[in-house]
Structures are given as C-alpha cells and as structure tokens.
Amino acid sequence: MRGSVPRQLYLLLLLDGDPVKQRLRLQKLMFLLQKEIIERKGLQASTEEYDFTAYNYGPFSDELMDDVEFLKDLGLIDVIKENDVELYKITEKGERFLADFLKKAPDPLKKLFQSIKHEVEKLKKKWNKEPLKKLLRYVYEYYPEYTENIRSSTGSRHSRALF
C-alpha cells in the first residue's frame, strides 16, 4: 500500500475535526504526525513526506505551506486570518472528498487510513489545545536536531532550545 496516496491526504486528516490555530502549531503537528505516527508507528500510506528543516522555531517545511495553498485553491481547506493568527480548517468540500476517498479505497488502504485517523485524533487531542510554548518545548526536547536555528520568544537566536 505504501506510495499509493499523495501526502496532502495527511494534511486533510490533520485538519479534519477541530481546526488548527496558528501556522507554527500546524507545522509542529504535521511534524509530529510524520515523525511519531507515520515513521515511528509505520503507518505509511505514501512515499511522499514533508522535508522538515531546522528553522527559527524548530522544524519547518515549505512543502507543507505549498500544500496548504494547493488545498485552499481546490476549496478543500480554509485559512481564516483573525488578528494576525491563522485558523486552518477543512471545508465541507474537503470533508466530502476525504469521505469519498475512504469509501472508494481498497480495504487494506481504508484500514490503514482509519488507523492513521485514530492516531491523528489522539495527537490533536493531546496538543491542539495546549499552550504553543508547551508544544514547542516538547518538539525541542525530543527532536533537538531541528532546533539549531531557533529563536526565543524575544527574537534572539539560540543554538539549542533552552526554555
């Protein structure tokens, strides 16, 4: 089954249900989805992965933001900006697309995506409502190789996450 679906379906799964607030949180949640669900648990439905690199606030992927724009252009997700904060959510069209995909998928792929969906729901339940600082601290602690270029909340650079 590996390699049979585009990585954008992971993004739709991440945005299904509760919306994700803030671009930084979206980046870290997708990073954790990739590292802790797809890679560590072996729940891989695609050979396509996001290329995360160390950036100002830990792991960042330009490809993820490209996919956000792509899915937004297709009307599958919405990005709503309020007071300089983005809210990422799946649209009704996106929900129908995801449901149709799962309904038409062969049974092994359907089962794999149900497992991924269950794990994504647990990930979001754990991290979507937590303060962003706590999520960042977790990512910095468990993935220090992605913290080489981080900035503190004051904007100063650190060689490693210290807070």
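See the structure above.
Computed from a predicted structure; not experimentally measured. (Residues numbered from 1 in each chain as written. Predicted model: local features only at pLDDT ≥ 70, side-chain atom pairs only at ≥ 80, totals over all residues. Heavy atoms only, no water.)

Caption draft 1: Helix α3 (residues 62-73), seen in detail. Between the first and last C-alpha of α3 there are 17 Å, a value that for 12 residues agrees with the 16 Å anticipated at 1.5 Å per step. Of all the residues in α3, the buried ones are Leu64, Met65, Asp67, Val68 and Leu71. The arc enclosing the buried residues of α3, seen along the axis, measures out at 155°, which places them on a common side. In this structure, α3 carries Asp62, Asp66 and Asp73 as exposed residues pointing more than 90 degrees from its buried face. Along its buried surface, α3 packs onto α1 (8-15), α2 (23-39), β3 (58-60), β4 (77-82) and β5 (85-90). Near the N-terminus of α3, the side chain that reaches the backbone nitrogen of Glu63, with its oxygen 3.3 Å away, is that of Ser61. Downstream of α3 by one or two residues, Gly75 has phi in the positive range, about 80°. (Helix = DSSP H or I, 4+ residues; strand = E, 2+ residues; numbered from the N terminus. Expected span 1.5 Å × (residues − 1). Buried < 20%, exposed > 50% of the residue type's maximum accessible area, 1.4 Å probe, protein only. Arc of directions from axis to C-beta. Contact = heavy atoms within 4.5 Å. Polar contact = N/O pair within 3.5 Å; in protein donor to acceptor, adjacent residues only side chain to side chain.)

Caption draft 2: Summary view of the pattern of salt bridges. Using the criterion set out here, one finds eight salt bridges in the structure. Salt-bridge contacts for Glu130 lead to Lys134; the nearest nitrogen and oxygen are separated by 3.4 Å. Among the residues examined, Lys134 registers a relative accessible area of 40% and is labelled partly exposed. Salt bridges here are not isolated pairs; linked through shared partners, they connect Asp16, Lys117 and Glu121. (Salt bridge = Lys/Arg side-chain N within 4 Å of Asp/Glu carboxyl O.)

Caption draft 3: Representation of the pairing of β4. Where β4 meets β5, six bridges bridge the pair, whose relative direction is antiparallel. What sits directly across from Ile77, in β5, is Ile90. Between β4 and β5, which pair antiparallel one after the other, the connecting turn spans two residues, and Asn83 there sits at a positive phi close to 50°. (Pairing = 2+ DSSP bridges.)

Caption draft 4: The arrangement of the packing of α2 against α3 in detail. Put simply, α2 and α3 touch, their axes get as near as 11 Å, and they point 110° apart. Taken together, α2 and α3 sit at an angle that is classed as roughly perpendicular. Crossing of α2 against α3: the hand is right-handed. In this structure, α2 uses Arg23, Leu26, Gln27 and Met30 to contact α3, whose residues at the interface are Leu64, Met65 and Val68. When its residues are assigned to classes, the contact of α2 with α3 shows five nonpolar, one polar and one charged. (Axes fitted to C-alpha atoms, helices over the stretch in contact; angles between N-to-C directions. Parallel < 35°, antiparallel > 145°, perpendicular 65-115°, else oblique. Left-handed = near helix turned anticlockwise from the far one by under 90°. Nonpolar A, V, L, I, M, F, W, Y, C, P; charged D, E, K, R; others polar.)

Caption draft 5: A look at the sheet that holds β4. In space, the three strands of this open sheet follow the order β1-β5-β4, with antiparallel pairing throughout. Edge strands, defined here as strands with exactly one partner in the open sheet, are β1 (20-21) and β4.

Caption draft 6: Up close: the environment of Glu48. Tracing the backbone shows Glu48 in the loop between α2 and β2 (53-55). Setting aside residues no more than four positions away along its own chain, Glu48 makes contact with Val5, Pro6, Arg7, Gln8 and Tyr10. Here Arg7 takes part through its backbone nitrogen, which lies 3.0 Å from a polar atom of the side chain of Glu48.

Caption draft 7: Local environment of the side chain of Gln34. Note that Gln34 resides in helix α2. Polar contacts involving the side chain of Gln34 include one to the main-chain amide nitrogen of Tyr50, which spans 2.8 Å. In this structure, Gln34 is in contact with Glu39, Glu49, Tyr50 and Phe52, ignoring residues within four places of it in sequence.

Caption draft 8: Fine view of helix α6 (residues 132-142). Among the residues of α6, those classed as buried are Leu132, Leu135, Leu136, Tyr138, Val139 and Tyr140. If you follow the buried residues of α6, they end up packed against α2, β3 and α5 (107-127).

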